[in-house]
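Notes for the structure review
Listed below are the residues making up each chain.
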Amino acid sequence: QVQLVESGGGLVQAGGSLRLSCAVSGGTFRTYAMYWFRQAPGKEREFVSAIRWNAGMTYYRDSVKGRFTISRDNGKNTVYLQMNSLNPEDSAVYYCAARDVSTGYSDKVDDMSYWGKGTLVTVSS
């Protein structure tokens, strides 16, 4: 059974940084495109960033471009999200997700194969 476990969330002041990690077990990490989504209270879950299996391609939502960086370590079965210049609008539960690469690229919530339980990020003003 594939499991995704996020860590690294917390409380940070505006302008600060956090690094999220997502450890994957029970599957073949190299066959997954890895994603980060987030969900703020009362809002729908939204795409944040994605990275292809070989890290050759990365994707970001417009509001985080230039501030967030996604990376992966296939040797450690882990994906990371470095978040800099955080602002209160970034506050949310951040979820790690995986999608089998054989099914093609998609950033839609319903197209993810596996999900973590999330880690809370709170940015104070």
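Structural notes, computed from the coordinates. (Residues numbered from 1 in each chain as written. Predicted model: local features only at pLDDT ≥ 70, side-chain atom pairs only at ≥ 80, totals over all residues. Heavy atoms only, no water.)

1. Comments concerning the overall build of the protein
- The number of helices and strands found in the protein is 0 helices and 11 strands.
- Ordered by position from the N terminus, the helices and strands of the protein form the series β-β-β-β-β-β-β-β-β-β-β.
- The C-alpha radius of gyration of the protein comes to 13 Å, within 12% of the 14 Å expected for a compact globule of 125 residues.
- Its C-alpha atoms give the protein principal-axis dimensions of roughly 40 × 30 × 25 Å.
- Counting only residues that meet the buried cut, the protein has 42% of its 125 residues in that class.
- Once local pairs closer than 6 in sequence are excluded, the contacts in the protein between residues at least 24 apart make up 57%.
- As presented, the protein carries roughly 6,400 Å² of accessible surface, and 46% of it is formed by carbon and sulfur atoms. (Helix = DSSP H or I, 4+ residues; strand = E, 2+ residues; numbered from the N terminus. Rg over C-alpha atoms; globule rule 2.2 N^0.38 Å. Buried < 20%, exposed > 50% of the residue type's maximum accessible area, 1.4 Å probe, protein only. Contact = heavy atoms within 4.5 Å. Areas by Shrake-Rupley, 256 points an atom, 1.4 Å probe, with all protein chains shown as cover.)

2. Some thoughts on the pattern of salt bridges
- What the rule picks out here adds up to 5 salt bridges.
- Across the salt bridge formed by Asp 62 and Lys 65, the nearest N and O atoms sit 3.0 Å from each other.
- On the basis of relative accessibility, which here comes to 49%, the residue Lys 65 falls in the partly exposed class.
- With a closest N to O distance of 2.8 Å, Asp 90 and Arg 67 form a salt bridge. In this pair, Asp 90 is assigned in the loop between β8 (78-83) and β9 (92-100) and Arg 67 in the loop between β6 (58-60) and β7 (68-73), connecting sequence segments 23 residues apart.
- On the basis of relative accessible area, Arg 67 is assigned to the buried category, the value being 14%. (Salt bridge = Lys/Arg side-chain N within 4 Å of Asp/Glu carboxyl O.)

3. A short note on the side chain of Ser 49
- Along the chain, the position of Ser 49 falls in strand β5 (residues 46-51).
- A polar side-chain atom of Ser 49 sits 2.8 Å from the main-chain carbonyl oxygen of Tyr 59.
- Not counting residues within four places of it along the chain, the set of residues in contact with Ser 49 comprises Met 34, Tyr 35, Trp 36, Tyr 59, Tyr 60, Ile 70 and Leu 81. (Polar contact = N/O pair within 3.5 Å; in protein donor to acceptor, adjacent residues only side chain to side chain.)

4. Topic: the sheet that holds β7
- Within the open sheet, the 4 strands sit side by side as β1-β3-β8-β7. Their pairing is antiparallel. The strands lining the two open edges of the sheet, one partner per strand, are β1 (3-7) and β7. Mean inter-strand twist for the sheet, computed between neighbouring axes without regard to direction, equals 15°. (Pairing = 2+ DSSP bridges. Axes fitted to C-alpha atoms, helices over the stretch in contact; angles between N-to-C directions.)

So yeah, pure geometry; function would need other evidence.
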